[in-house]
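Survey of secondary and tertiary structure
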Amino acid sequence: MFIGAQVSLYPMTSQFVEVITAGLDALTPYKDDLRIETDDMSTLMVGAPKPLLDAIRDLFAASAKRPEHVTMHVTLSRGCPGGPDDPSCRCEVLERAQDESLAERQALAAQAVENALATGVGIDVQFSLYVMGSGNHMDEIYGCIDFLKSSGTFLKSKNFCTRLRGDAGAVFETLRQAFLRFGPAEGHVTVDLTASANSPSLA
């Protein structure tokens, strides 16, 4: 399976280079576990979902620790038929999910969020889950929405997306669980998300 993300960071300050550099420095511990390629548009990360989501979380949390308003756009994908299989993307959660009911997956997702590491950085996220293909994809999406509403990070539903708010650790764990536990384990699933921190609109 191929699992990866395209990540773009947008600091709302003339000191944007310093903010972006602080974020990219947070990726250093993950360079042995992920394939990371950065250009002038975005950073590609490929690998297993545990280090992948941890790296994205740490990149944004490091940037958000500064006072400037910063946003980040991420496209996550797993199981894309156009991506080559990559052994570094192996995921035990997906392997087990094939034999778990929707209710079991919801319970496991909620437990993971409850046990998430706190970062001390508050963030907002809005995201959409896309389960590709035919079949019972709406059952999976509704199951994910039910999980989100009980996750402790749910803020509100919006047209085409869901708002989350809370500590970056819990919010990104919620995203990881939504990404991995809903939709067919061997199918193509994507997440489109925008994260924001230190927005003056919240003042």
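Residues numbered from 1 in each chain as written. Predicted model: local features only at pLDDT ≥ 70, side-chain atom pairs only at ≥ 80, totals over all residues. Heavy atoms only, no water.

Here we take up the overall build of the chain. Broken down by element type, the chain carries six helices and eight strands. Listed N to C, the secondary structure of the chain is β-α-β-β-α-β-α-α-β-α-β-β-α-β in terms of helices and strands. The dimensions of the chain, computed from C-alpha atoms along their principal axes, are 50 × 35 × 30 Å. Buried residues in the chain amount to 51% of all 203 residues. (Helix = DSSP H or I, 4+ residues; strand = E, 2+ residues; numbered from the N terminus. Buried < 20%, exposed > 50% of the residue type's maximum accessible area, 1.4 Å probe, protein only.)

To continue, consider the packing of helix α4 (residues 102-114) against helix α5 (residues 137-149). Angle between the axes and distance between the axes: these two values describe a pair of packed helices. Two elements in contact, α4 and α5, have axes whose closest approach is 10 Å; the angle formed by their N-to-C orientations is 35 degrees. In the crossing of α4 with α5, the sense of the turn from one axis to the other is right-handed. Contact with α4, carried on its side by Leu102, Arg105, Gln106, Ala109, Ala110 and Val113, involves Asp139, Glu140, Gly143, Asp146 and Phe147 of α5 and no other residues of that element. Here the residues of the contact of α4 with α5 are counted per class, giving five nonpolar, two polar and four charged. (Axes fitted to C-alpha atoms, helices over the stretch in contact; angles between N-to-C directions. Left-handed = near helix turned anticlockwise from the far one by under 90°. Contact = heavy atoms within 4.5 Å. Nonpolar A, V, L, I, M, F, W, Y, C, P; charged D, E, K, R; others polar.)

Right, let's talk about unusual backbone geometry for a bit. With a phi angle near 75 degrees, Phe160 is a residue other than glycine that sits in the positive phi range. Mapped onto the fold, Phe160 is located in the loop between β6 (154-158) and β7 (161-167). Accessibility expressed as a relative area gives 76% for Phe160, which makes it exposed. A positive phi angle is found at Asn198, which is not glycine, with a value near 65 degrees.

Bringing the pairing of strand β5 (residues 122-131) into the picture now. Across the 10 residues of β5, seven count as buried, placing the element largely inside the fold. Inspection of the sheet shows β5 paired to β7 by six bridges, in the antiparallel sense. Directly across from Phe127, in β7, lies its bridge partner Thr162. Where β5 lies against strand β8 (residues 189-197), eight bridges are found, and the strand directions are antiparallel. Across the sheet, the residue bridging to Tyr130 is Thr190, located in β8. (Pairing = 2+ DSSP bridges.)

What follows concerns the pairing of strand β3 (residues 43-46). Side chains Thr43 and Met45 of β3 all project onto a buried face; the interleaved residues Leu44 and Val46 project onto the opposite face, where all are buried too. Inspection of the sheet shows strand β1 (residues 3-11) paired to β3 by four bridges, in the antiparallel sense. If you follow Ala5 over to β3, its bridge partner there is Met45. One ladder, built from four bridges, connects strand β2 (residues 35-38) with β3; its direction is antiparallel.

Here the focus is the layout of surface pockets. By volume, the largest pocket amounts to about 250 Å³. Contributing to the lining of the largest pocket are 17 residues, with Lys50, Asp54, Glu173, Arg176 and Gln177 lying nearest its centre. Per-element tally for the lining of the largest pocket: the top contributor is helix α6 (residues 168-181), with six residues. The residue makeup of the lining of the largest pocket, split by class, is nine nonpolar, two polar and six charged. (1 Å grid on protein atoms, 1.4 Å probe; cavity = no way out; pocket = protein on both sides within 12 Å on 5 of 7 lines; lining within 4 Å. Points joined across faces, edges and corners; volume = space filled by probe spheres on them.)

According to the stated counting rule, one finds 15 salt bridges in the structure shown. A salt bridge links Glu68 to Arg66, with the shortest nitrogen-to-oxygen separation between them at 3.0 Å. When its relative accessible area of 23% is taken as the criterion, Arg66 is described as partly exposed. Asp124 serves as the salt-bridge partner of Arg165, at 2.7 Å between the closest nitrogen and oxygen. (Salt bridge = Lys/Arg side-chain N within 4 Å of Asp/Glu carboxyl O.)

For soluble globular proteins, nonpolar side chains are generally found buried alongside one another. Residues Ile56, Met72, Leu76 and Phe127 are the most contacted members of the largest nonpolar core, which totals 55 residues. Apart from residues no more than four positions distant in its own chain, Ile56 is found in contact with Ala5, Val7, Met45, Met72, Val74, Leu76 and Phe172. (Core = buried A, V, L, I, M, F, W, Y, C linked by side-chain atoms within 4.5 Å.)

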